[in-house]
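Working through the structure, step by step
The chain contents come next:
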Amino acid sequence: MNAVVGAMMGSYDLQNAQRWRTEDMEHRKQEIQWREDDVKRQHAWRLEDIERERRLQKLENERRVTDARSEQLSAVSNLSALLGGFAMVANVEINLPEDVAWSVMFLYGTVSASVILCMLCCMLMCTLLLLAITRYASLDLENDLRLLDFDQLDVESPFYVWWLKRCEKDWQLAYGFFRIGIFLFLWTVALVGWVQFERTIYAGIGMSVISFLSFVFWQVRIESKWRYLLESPDGASVPPSYQPVSDEEARLRTRSLTELFERVFTTRNHTSNTNTGRTADVDDRRTTRYGALATPRPSHDAAASEARRRV
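All figures in this text were calculated on a predicted structure; none of them were measured in a lab. (Residues numbered from 1 in each chain as written. Predicted model: local features only at pLDDT ≥ 70, side-chain atom pairs only at ≥ 80, totals over all residues. Heavy atoms only, no water.)

Topic: the pattern of salt bridges
Filter applied, for reference: Salt bridges are defined as contacts in which a side-chain nitrogen from Lys or Arg sits within 4 Å of a carboxyl oxygen from Asp or Glu. Strands here are runs of E lasting at least two residues and helices are runs of H or I lasting at least four, both read from the DSSP assignment and numbered beginning at the N terminus.
Going through the model one piece at a time under the given rule, you end up with eight salt bridges. Between Glu 51 and Arg 55 there is a salt bridge, with its nearest N and O atoms 3.0 Å apart. Linking Glu 51 with Arg 55, this pair stays in helix H1 (residues 2-93), spanning four residues, or about one helical turn. Residues Arg 63 and Glu 142 are paired through a salt bridge, measuring 3.1 Å at the closest nitrogen-oxygen approach. Of this pair, Arg 63 sits in helix H1 while Glu 142 sits in helix H2 (residues 102-146), and the two are 79 residues apart along the sequence.

Given below as structure tokens:
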């Protein structure tokens, strides 16, 4: 009788131990899942913070680029207005002699009017470009920046792409008018000597020589150095979105860090699931405090059969 009671108590204790062991394993798995969820959540929050900071920095950088472009257009517009005003004042304030040749007067009037019109066109185009930049920076820049992926913030420039599509040709045309106006302005200076000082041929020759030397210096030393401003941007300086790319390259560019992070955790979970059976076998072969293998606990069926055999 005592053996039966002992066997029943041993079976009950064994059932409780197995149930506690199962509950403990489930709780550990749940804790592991909670930790992984916390890591994923914190990593996602960190990525959002990094993306928010990067977008704010990108927005500030784009605004600095727009300010630099606006200052450039303002400088060209002011200088063209100044030169056009000089040409207009020269036409108004000049005292024409009575015996001036009609060919010289025709050249002077045509060239001075061309200077005024070229500088006026340059000034108006630069002013309209300034208005377009102001409108884009205040209305569309933030939206275009928000549509960019996180991986494209380092290589893309919404303002530069918009400038190439909408304003680059107009800027080149305005700068071309400015260059032509500079050349005609120097020609006007030379013609003023022949109109105003017609009786003194040396004055006309001197002013013509000075204008010619200024034009040569402008072409050789200044214009030749900055002639690339009229050239279209090459492939190295154009943003990737403005260049044709293959489908594979486009797919690689759109990969995000979150996708890679999920792939790592998916692989980790798959590895842990494949090792579940192996872990269960190892649990039954626990070691003692000193490293020796502990005796495996008998199962419930084995304990019941042993109790019946003793009875």
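From this point, the narrative continues.
Description of the nonpolar core
It is characteristic of soluble globular proteins that their nonpolar side chains tend to be buried jointly. Note the cut-off: Residue types Ala, Val, Leu, Ile, Met, Phe, Trp, Tyr and Cys, when buried and joined through side-chain atoms within 4.5 Å, form a set referred to as a nonpolar core. Burial status follows relative accessibility: with a 1.4 Å probe on protein chains alone, a residue under 20% of its type maximum counts as buried, one over 50% as exposed, and anything between as partly exposed. Working rule for contacts: check all heavy atoms of both residues, and any pair within 4.5 Å makes them a contact.
In terms of nonpolar packing, the biggest core is built from 39 residues, with Leu 73, Val 115, Phe 159, Trp 162, Trp 163, Trp 171 and Phe 178 touching the most fellow members. Every element with two or more residues in this core is listed here: H1, H2, helix H3 (158-166) and helix H4 (168-196). For Trp 163, the contacting residues outside a window of four places in its chain are Arg 69, Leu 73, Leu 129, Ile 133, Glu 168 and Trp 171.

Some words on the packing of H4 against helix H5 (residues 201-223)
Here is the rule we go by: Axis definition: a line fitted to C-alpha atoms, limited for helices to the stretch in contact. Angles are taken between N-to-C directions and run from 0 to 180 degrees. Working rule for angles: under 35 degrees goes down as roughly parallel, over 145 as roughly antiparallel, 65 to 115 as roughly perpendicular, anything else as oblique. When residues are grouped by polarity, Ala, Val, Leu, Ile, Met, Phe, Trp, Tyr, Cys and Pro land in nonpolar, Asp, Glu, Lys and Arg in charged, and all others, Gly among them, in polar.
One can describe the packing of H4 onto H5 by two numbers: an axis separation of 6 Å at closest approach and a directional angle of 160°. Judged by the angle between their axes, H4 and H5 are roughly antiparallel. Residues Tyr 175, Arg 179, Ile 182, Phe 183, Leu 186, Val 189, Ala 190, Val 192, Gly 193 and Trp 194 of H4 form the contact with H5, whose own contacting residues are Ile 201, Gly 204, Ile 205, Met 207, Ser 208, Ser 211, Ser 214, Phe 215, Trp 218 and Glu 223. Looking at the contact of H4 with H5 residue by residue, the classes come out as 13 nonpolar, five polar and two charged.

Some remarks on H5
For clarity, the cut-off: To estimate how far a helix should extend, the number of its residues minus one is multiplied by 1.5 Å.
When the terminal C-alpha atoms of H5 are compared, their 31 Å separation across 23 residues agrees well with the 33 Å that a helix rising 1.5 Å per residue should span. Within H5 the residues assigned to the buried category are Gly 204, Ser 211, Trp 218 and Glu 223. Those residues of H5 that are buried are in contact with H4.

A word on the packing of aromatic side chains
Under the convention used in this document: Only the six-membered ring of Trp is used, alongside the rings of Phe and Tyr, when aromatic pairs are assigned; centres must lie within 6.5 Å, and planes under 30 degrees apart are stacked while those over 60 apart are edge-to-face, with the rest tilted. Charges are assigned to positions over rings by a cutoff of 6 Å between ring centre and Lys NZ or Arg CZ, combined with an angular limit of 35 degrees from the ring normal.
Evaluated as defined, the whole model comprises eight aromatic pairs. A ring pair is formed by Phe 159 and Trp 162, whose centres lie 5.8 Å apart and whose planes are at 35°; its orientation type is tilted. Separated by three residues within a single helix, Phe 159 and Trp 162 lie in helix H3, roughly one turn from each other. No difference in accessibility class separates Phe 159 from Trp 162, as the two residues are buried. The rings of Tyr 136, Phe 159, Trp 162 and Trp 163 are connected pair by pair, giving a single aromatic cluster. The aromatic ring of Trp 163 is capped on one face by Arg 69, whose charged end is 4.2 Å from the ring centroid.

Re the UniProt feature "transmembrane region" (unreviewed entry) in the protein chain
Rules: UniProt positions are given in the numbering used here, feature names are shortened, and annotations may be inferred rather than shown by experiment.
According to UniProt, the feature "transmembrane region" (unreviewed entry) maps to residues 73-94, 106-133, 173-195 and 201-220 in the numbering used here. Across residues 106-133 one finds 100% helix and 0% strand; the C-alpha atoms that close the span lie 40 Å apart. Helix makes up 100% of residues 201-220 and strand 0%, and the two end C-alpha atoms of the span are 28 Å apart.

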